[in-house]
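# Results of the structural survey
For reference, the chains in residue letters:
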Amino acid sequence: MAMLEVENVNAYYGNIHALKDLSLEVDRGEIVSLIGGNGAGKSTTLRTISGLLRPRQGAVRLNGEALTRLKPHEIVIKGVVQVPEGRRIFGRLTVTENLEMGAFACKDQQLNKKNMGRVFQLFPRLEERREQVAGTLSGGEQQMLAMGRALMANPTVLLLDEPSMGLAPVLVDSIFDTIGQLHVGGTTILLVEQNARMALQVAGRGYVLQTGAVVLRDSAEALRKNETVRKAYMGES
Ligand code: ATP
């Protein structure tokens, strides 16, 4: 059994059929990438897993247990934690306060302290700026903070929505380095990216979405070599 299973999910925004019989799996310790163009349904897939959007049909399961009827905060407590597109950090709170918000469900102060230490180890820049108001951080630092906040919730599965969006190339490299480090540390990751080249370098497997449906699923290596993928998503002619 896969750790995270999405089975024949159909999700709608009003009359818009955003996900069409979508199925995917993520095994323990894997990085799986979802790639696709604008409006393909990548963010909607993550929103459906994290309970922000309720599917009309189909199931989402974590270790065999249905998540589909749970509320978003209950899904976080189960260990599925999303880093949303556009970071969505709390701009008026400090870095430390933002990280503490990530640990809302955990009353174990020892564990929270340990997790914050781990976040600061992963992102020394955040430690340097721990008292800074988060709204004044750079885009890259805000992305680090959004990831750090998610890590404070002890994720079993981390859902990353476009972590490289809007970042300078050097910061994109650094965010992908961090994703690699999390993987080595055993975190299971479902990664949504428009930057298919980077996403398929760091992932073991991938799914290609088009208009709300999976059109291709394969190892990342095979997808990297796939001519359609190269032309459509990796900017090759
Ligand atoms: P992008 O990279 O542009 O974010 P995406 O693959 O993440 O694309 P989604 O944001 O999941 O795509 O959108 C899938 C479809 O659902 C699109 O047709 C989009 O217009 C529609 N959609 C997304 N959010 C909403 C919403 N809040 N209300 C109505 N339709 C929406």
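In what follows, the structure referred to is the one given above.
Residues numbered from 1 in each chain as written. Predicted model: local features only at pLDDT ≥ 70, side-chain atom pairs only at ≥ 80, totals over all residues. Heavy atoms only, no water.

## Regarding the sheet that holds strand E8 (residues 188–193)
Overall, mixed pairing links the 6 strands, which are arranged E6-E7-E8-E3-E9-E10 in an open sheet. In the strand order of this sheet, the two ends are held by strand E6 (80–83) and strand E10 (213–219), each with one partner. This sheet shows a mean twist of 20° between the axes of neighbouring strands, independent of strand direction. Alignment of strand E7 (residues 157–161) against E8, held across 5 bridges, turns out to be parallel. For Leu159, the partnering residue across the bridge sits in E8 and is Leu190. Contacting E6 and E7, helix H6 (residues 139–151) crosses the sheet at an angle of about 170° to E6. (Pairing = 2+ DSSP bridges. Helix = DSSP H or I, 4+ residues; strand = E, 2+ residues; numbered from the N terminus. Axes fitted to C-alpha atoms, helices over the stretch in contact; angles between N-to-C directions. Contact = heavy atoms within 4.5 Å.)

## Thoughts on the sheet that holds strand E2 (residues 16–26)
What the 4 strands build is an open sheet, ordered E2-E1-E4-E5; its pairing is antiparallel. Edge positions in the open sheet fall to E2 and strand E5 (65–66), since each of these has one partner strand only. Two strands pair when backbone bridges link them, and strand E1 (residues 4–13) and E2 are joined in this way by 7 bridges, in the antiparallel orientation. Bridging from a neighbouring strand, Ala11 pairs with Leu19 of E2.

## Some words on unusual backbone geometry
Although it is not a glycine, Glu162 sits at a positive phi angle of roughly 50°. Within the secondary structure layout, Glu162 lies in the loop between E7 and helix H7 (169–184). One non-glycine residue with positive phi stands out, namely Thr211, at about 35°. Among the structural elements, Thr211 can be located in the loop between strand E9 (205–210) and E10.

## Looking at the environment of Ala103
Locating Ala103 in the fold gives a position in the loop between helix H3 (95–102) and helix H4 (109–122). Overall, the relative accessible area of 6% leaves Ala103 in the buried class. Setting aside residues no more than four positions away along its own chain, Ala103 makes contact with Asn112 and Met152. (Buried < 20%, exposed > 50% of the residue type's maximum accessible area, 1.4 Å probe, protein only.)

## Here we look at the environment of Arg130
Residue position: Arg130 is located in the loop between helix H5 (124–128) and H6. On a C-alpha basis, the gap between Arg130 and Phe120 in space is 9.2 Å, while along the polypeptide they are 10 residues apart. With sequence-adjacent residues up to four places away left out, Arg130 is seen in contact with Thr94, Val95, Thr96 and Phe120.

## Remarks on the side chain of Glu30
With respect to the helices and strands, the residue Glu30 is situated in the loop between E2 and strand E3 (31–35). Separated by 2.8 Å, the side chain of Glu30 and the backbone nitrogen of Asp27 make a polar contact. Residue contacts for Glu30: discarding those within four places in its chain leaves Glu25, His183, Thr187, Thr188, Ile189 and Arg205. (Polar contact = N/O pair within 3.5 Å; in protein donor to acceptor, adjacent residues only side chain to side chain.)

## As for the pattern of salt bridges
This structure, assessed with the given rule, holds 9 salt bridges. Arg205 serves as the salt-bridge partner of Glu30, at 2.6 Å between the closest nitrogen and oxygen. Placement of Glu30 in the loop between E2 and E3 and of Arg205 in strand E9 is noted, with a sequence separation of 175 residues between them. Overall, the relative accessible area of 15% leaves Glu30 in the buried class. Residue classification places Arg205 among the buried positions, given a relative accessible area of 18%. Glu141 is paired through a salt bridge with Arg125; the nearest N and O atoms lie 2.6 Å apart. Separated by 16 residues along the polypeptide, Glu141 in helix H6 and Arg125 in helix H5 bring together distant segments of the chain. Several salt bridges converge on common partners, so that one network encompasses Glu5, Glu7 and Arg61. (Salt bridge = Lys/Arg side-chain N within 4 Å of Asp/Glu carboxyl O.)

## Focus on the pairing of E8
Where burial is concerned, most of E8 is hidden: 6 out of the 6 residues are buried. A two-sided burial pattern is seen for E8, the buried positions comprising Thr188, Leu190 and Val192 on one face and Ile189, Leu191 and Glu193 on the other. Note: E3 against E8, 5 bridges, orientation parallel. From the neighbouring strand, Ser33 faces E8, where its bridge partner is Leu191.

## Some details on the site of the ligand
Surrounding the ligand, one finds 14 residues, the nearest of these being Gly39, Gly41, Lys42, Ser43 and Thr44. The side chain of Thr44 places a nitrogen or oxygen atom 2.4 Å from an oxygen atom of the ligand. Mapped by element, the contributors of at least two residues to the shell around the ligand are E2 and helix H1 (42–49). In terms of residue count, the dominant contributor to the shell around the ligand is H1 (3 residues). (Near = heavy atom within 4 Å.)

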